[in-house]
Amino acid sequence: MKVLLVHPSPLMYSEIFLRLEPIGLERVAAAVRAAGHEVRLLDLQIFGHADYHRELADFAPHAVGFSLNYLANVPEVLDLARETKRRRPGCFVFAGGHSGSFIADELLEHAAGALDALVRGEGEVVTPRLLEAAGDARLSTLPGVVTPDGAGPAPTMLDDIDRFPPARDLTRRRHKYFIGVLDPCASAELTRGCPWDCSFCSAWTFYGRSYRKASPEAAAEDLARITEPNVFIVDDVAFIHPEHGFAIGRELEKRNVRKQYYLETRCDVLLRNREVFEYWRRLGLHYMFLGLEALDEDSLRLHRKRITPGDNFKALEVARELGFTVAVNIIADPDWDERRFAIVREWALTVPEIVHLTVATPYPGTEIWHTESRRLTTLDYRLFDVQHAVLPTRLPLQRFYEELVATQAVINRKHLGLTALREVAGLAARLALRGQTNFLRMLWKFGSVYNRDRQYSDHLRPVTYQMRPPAAVAFKPRARDLFIHQLNVGGPEMAPHTPQRS
Ligand code: B12
Ligand code: SF4
């Protein structure tokens, strides 16, 4: 079968700071190819819809699969699925991915026949089986598969994440992938899942709070195969188990792999496992993202971060001592007034870290989707990108965006203002000479992307597909009821450093 796998367009955030390869889709592609199919991959973060239609005509795929990791991409994927059926009525059209897994029924309803199936959970095991069963009655009996005729049992977890290393050879124009100064940049996955259970996050509910590790050899082999000089590690929380990080590092040293790395981790993991981060600093780790989320104790408790502000700040000190460039995230609540924004602005200007602001957003699959008692002010999927307010704002909406953008701009000037630019000018010039202009372009784009009027007017667009809202009465679900994968519910043997579960 000829199979085309498609990643949708970038969201706001990715328009400036980064554009990264669709590693989940590359893994699904590897599994589908291993089953004997001819596979192509098209990334609409880089290519346009006209390129997609050209690919449909030239490649003439028998099946098209869309990646739906992000809720905000739902309308785009639904429209593309409809257009695909119009142009190639016999084509088998399906979708899968993180967000798609939590709202499979709803998507099939919107698609009204344009999607033949939705895949819930990990795609590697089931997608080859799905393609084999395309068009026959077995389809709706497969694990994780939902069709207009019914749904199969819970999805099957990949037994070993060493299997199906990403098919990076299928992504085209790879020089377009970058994150900040790491330009160009590839991605890699060393572990999968997260054993914590923050109330605003669906990373843990997707994987049933499990946590799996690649073998150090396979992880190092995969990193060694990467031709780019820079690597973004996609793990939710890097180096939860320090011995795993050390073992991968030793394998990299054996193979003489030298790259620059960017990873994301938790403050308490950095505090507890300082040595492994120090070791990776020597291997080329320069940049890290720490999910701080809040500056005060009450908000941290509300997010169930299971950490104190004191430990968060200690972790920042450790990161500074070790010489990392750190980006942190703070969640802005729609209820914030001018004073709360001012506190964050002041704090952000006193610390050397890059501070990002995201807007508190209940997503299907998170606990707050069920417990949030405030009613959603919009059911437009496109606004669920943590850059828009989807809950009532205390300030008038335009004022809220004014404060949000002003805060982001102040922070941004700190890093992309004239003084900062002078420091990176040499680097930008060297990259430009090598034809890598992603970083350079990013420096000029901020004003056009983060813009009060643009963000406000996004709320005024006509809505074709309305999201199914949560139940009118807020309730706290059992963790298990949120899980996509029902196996491997974590446990002390899988995550020895995990705090007690609630
Ligand atoms: C890496 C990552 C990113 C990368 C994305 C790289 C890329 N191009 O895809 C970057 C840093 C750019 C990013 C940005 C954002 N992210 Co992000 N990201 C992640 C993260 C940590 C891991 C994703 C990953 O690569 N996993 C590893 C691969 C192997 O898994 P996977 O992609 O899920 O793919 C598997 C399955 O989903 C499935 N699958 C995937 N695609 C398909 C397609 C088909 C056809 C099938 C059958 C199966 C299938 O099979 C794959 C293999 O098992 C997840 C959290 C998580 N653990 O999932 C958050 C997550 C997906 N991100 C999230 C968010 C909110 C964002 C931002 C909006 C944040 C922001 N500050 O603005 C932006 C938007 C980016 C955009 N689309 O433009 C949310 C999603 C919320 C939602 N429900 O929409 C998540 C869940 C994090 C969270 N805490 O809640 N992100
Ligand atoms: S630690 Fe990070 S990935 Fe894990 S549940 Fe919390 S926010 Fe999500």
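Residues numbered from 1 in each chain as written. Chains lettered and ligands numbered in written order. Predicted model: local features only at pLDDT ≥ 70, side-chain atom pairs only at ≥ 80, totals over all residues. Heavy atoms only, no water.

Caption draft 1: The arrangement of the overall build of the protein chain in detail. Within the protein chain, the regular secondary structure consists of 21 helices and 17 strands. Taken across its 502 residues, the protein chain has 59% of its residues classed as buried. For the protein chain, the computed accessible surface area is about 20500 Å², with 52% contributed by carbon and sulfur atoms. (Helix = DSSP H or I, 4+ residues; strand = E, 2+ residues; numbered from the N terminus. Buried < 20%, exposed > 50% of the residue type's maximum accessible area, 1.4 Å probe, protein only. Areas by Shrake-Rupley, 256 points an atom, 1.4 Å probe, with all protein chains shown as cover.)

Caption draft 2: View of the sheet that holds strand β1 (residues 2-7). In space, the seven strands of this open sheet follow the order β3-β1-β4-β5-β6-β7-β8, with mixed pairing throughout. Both edges of this open sheet fall to β3 (38-43) and β8 (150-151), since each of them pairs with a single strand only. Across four bridges, β1 lies against strand β4 (residues 63-67) in parallel orientation. Paired with L4 across the two strands is V64, which belongs to β4. Seen against the sheet, helix α7 (residues 126-133) touches β1, β4, β5 (92-96), β6 (117-119) and β7 (145-147) and runs at an angle of roughly 160 degrees to β5. (Pairing = 2+ DSSP bridges. Contact = heavy atoms within 4.5 Å. Axes fitted to C-alpha atoms, helices over the stretch in contact; angles between N-to-C directions.)

Caption draft 3: A look at the packing of helix α3 (residues 49-59) against helix α4 (residues 74-87). It is the contact of α3 with α4, at a shortest axis distance of 11 Å, that shows an interaxial angle of 30 degrees. α3 and α4 meet at a crossing whose hand is right-handed. Taken together, the residues of α4 that come into contact with α3 (itself represented by H49, Y52, H53 and L56) are E76, L80, E83, T84 and R87. Here the residues of the contact of α3 with α4 sort into three nonpolar, three polar and three charged. (Left-handed = near helix turned anticlockwise from the far one by under 90°. Nonpolar A, V, L, I, M, F, W, Y, C, P; charged D, E, K, R; others polar.)

Caption draft 4: The arrangement of the coordination of the cobalt atom of ligand 1 in detail. For the cobalt atom of ligand 1, the sole protein-derived donor is Y70 (OH), lying 2.7 Å away. In this fold, Y70 is placed in the loop between β4 and α4. (Donors = N, O, S within 2.8 Å, 3.2 Å for Na, K, Ca; no water.)

Caption draft 5: Main features of unusual backbone geometry. The amide bond that connects D183 to the next residue, P184, takes the cis arrangement and shows omega of 5 degrees. Phi is positive for F239, which is not a glycine, with a value near 60 degrees. Along the polypeptide, F239 turns up in the loop between β13 (230-233) and α10 (242-254). In this structure F239 comes out as buried when scored by relative accessible area, which is 5%. At V386, a residue that is not glycine, the phi angle is positive and equals roughly 55 degrees. Here V386 lies in the loop between α16 (368-371) and α17 (397-416). Overall, the relative accessible area of 23% leaves V386 in the partly exposed class.

Caption draft 6: Expanded view of the site of ligand 2. For ligand 2, the full set of nearby residues is C194, W196, C198, F200, C201, A203, W204, D236, V237 and R266. Here the shell around ligand 2 is built from residues that sort into eight nonpolar, no polar and two charged. (Near = heavy atom within 4 Å.)

Caption draft 7: Geometry of the sheet that holds strand β10 (residues 186-188). Pairing in this open sheet of six strands is parallel, and the strands run β10-β13-β14-β15-β16-β17 from one edge to the other. Edge strands, defined here as strands with exactly one partner in the open sheet, are β10 and β17 (354-359). Neighbour-to-neighbour, the strand axes of the sheet open up by a mean angle of 25 degrees, direction not taken into account. As judged from the five bridges shared by strand β15 (residues 285-293) and strand β16 (residues 325-332), these two strands associate in the parallel manner. The residue bridging Y287 from the neighbouring strand is T325, located in β16.

Caption draft 8: Highlighting the nonpolar core. In terms of nonpolar packing, the biggest core is built from 64 residues, with L223, L252, Y261, F277, W280, M288 and W347 touching the most fellow members. The dominant element in this core, judged by the number of residues it contributes, is helix α12 (residues 274-283), at five residues. Among the nonpolar cores identified, the runner-up in size contains 46 residues, and F47, L56, F66 and L107 belong to it. (Core = buried A, V, L, I, M, F, W, Y, C linked by side-chain atoms within 4.5 Å.)

Caption draft 9: Broad picture of the packing of aromatic side chains. For the coordinates displayed, the defined rule picks out 15 aromatic pairs. Three or more aromatic residues joined by ring pairs make a cluster, and in this case those are F239, Y261, F277 and W280. Taking the ring centre of F47 as reference, the NZ or CZ of R172 above it sits at 5.9 Å. (Phe/Tyr/Trp six-rings, centres within 6.5 Å; stacked < 30°, edge-to-face > 60°. Lys NZ or Arg CZ within 6 Å of the ring centre and 35° of its normal.)

Caption draft 10: View of helix α14 (residues 309-321). For α14, which comprises 13 residues, the first-to-last C-alpha distance of 19 Å matches the rise-based estimate of 18 Å (1.5 Å per residue) to within 8%. Listing the buried residues of α14 in full gives P309, N312, A315, L316, V318 and A319. Residues of α14 that are buried sit in contact with α11 (267-272), α12, β15, α13 (297-302), β16 and α15 (338-350). A positive phi of about 85 degrees marks G323, the residue just after α14. (Expected span 1.5 Å × (residues − 1).)

Caption draft 11: Region of the structure containing the pattern of salt bridges. Here the structure, examined in full by the defined rule, presents 48 salt bridges. One salt bridge connects R399 with E338, and the closest N-O pair in it is separated by 2.9 Å. Here R399, found in helix α17, pairs with E338, found in helix α15; they are 61 residues apart in sequence, far enough to count as distant. Look at R399 and you get partly exposed, because its relative accessible area is 25%. (Salt bridge = Lys/Arg side-chain N within 4 Å of Asp/Glu carboxyl O.)

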